Amino acid sequence: MNGFDWNAARDAVPLVLEGFRVTLLATVLGTLVAAVLGLAIAVAGRAPSRLVTVPVRVVMEFIRSTPLLVQLVGAAALFTVVEPLTIGIAVLGVHYAAYTSEVYRAGIDGVPKGQWEACRALSLTPRRTWQAVILPQAVRNVLPALGNYAISMFKETPFLAVITVQEMVFEARKYGADHFAYTEAFTLAGLVFLVASYPTSLLMRKLEKRLGH
């Protein structure tokens, strides 16, 4: 590659991999937050009281209608005593929970009505109905979609740099500025993103086809 400094790329590897560790941590923890909170939101959205469903719907629409970047900056300005990485994980989790909740809702709606009727006929409590019958079927059906959102979150972690989280692109930019080697550092970061996300994407497609049969 003309003009590409392989020595600079080699020297950038440790810094970029350290950034990848932070990127991976933010993705894993953010995905856990999104998965758990999204499920709670989906269940709350089916509550019989509008005092619950209306506020939940309003908050979710607000989150979906505002950019992740704005949410990150706003949260960092409000919670100045909280570590940037913690803020980043929380914002990523809440942002994606607004979308995973819709995935869960579709999964719950996809459970046959006969399952609900059978639970009522067996006099199962609402808690037992959700835990033993509805959620296992709903979650199984939406696993590929949840995985795709996890991949999307992974690719959006560079936004965390705006609140000084030292993730992979932050470290690549830092190395590029210090050594005048932006091309090498960003190429390396891009390759790491590709190597990490592409096989996962293929796995999600395979899982989706398998669950579809």
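What counts and how
- Residues numbered from 1 in each chain as written.
- Predicted model: local features only at pLDDT ≥ 70, side-chain atom pairs only at ≥ 80, totals over all residues.
- Heavy atoms only, no water.
- Helix = DSSP H or I, 4+ residues; strand = E, 2+ residues; numbered from the N terminus.
- Expected span 1.5 Å × (residues − 1).
- Polar contact = N/O pair within 3.5 Å; in protein donor to acceptor, adjacent residues only side chain to side chain.
- Axes fitted to C-alpha atoms, helices over the stretch in contact; angles between N-to-C directions.
- Parallel < 35°, antiparallel > 145°, perpendicular 65-115°, else oblique.
- Left-handed = near helix turned anticlockwise from the far one by under 90°.
- Contact = heavy atoms within 4.5 Å.
- Nonpolar A, V, L, I, M, F, W, Y, C, P; charged D, E, K, R; others polar.

Enquirer: What exactly am I supposed to notice about helix 7 (residues 168–179) here?
Expert: Residues spaced three or four apart along an α-helix face the same direction, because each turn holds 3.6 residues. Across its 12 residues, helix 7 extends 16 Å between first and last C-alpha, which sits within 8% of the 16 Å expected from 1.5 Å per residue. Structurally, the start of helix 7 carries an N-cap: the backbone nitrogen of Val-169 is 2.9 Å from a side-chain oxygen of Glu-167. Following helix 7 by one or two positions, Phe-180 has its phi on the positive side, about 55°.

Enquirer: Which parts of the structure should I look at to understand the packing of helix 4 (residues 84–109) against helix 6 (residues 126–156)?
Expert: To describe two helices that pack against each other, one gives the angle between their axes and the distance between the axes. Running from N to C, helix 4 and helix 6 point in directions that differ by 140°, and their axes come no closer than 8 Å. When the interaxial angle is binned, helix 4 and helix 6 end up oblique. Once helix 4 is placed against helix 6, the crossing between them reads as right-handed. Mapping the contact onto sequence places Leu-92, Tyr-96, Tyr-99, Thr-100, Val-103, Tyr-104, Gly-107 and Ile-108 in helix 4 and Trp-130, Ile-134, Ala-138, Val-139, Val-142, Ala-145, Leu-146, Tyr-149, Ser-152, Met-153 and Glu-156 in helix 6. Residue classes in the contact of helix 4 with helix 6 are distributed as 15 nonpolar, three polar and one charged.

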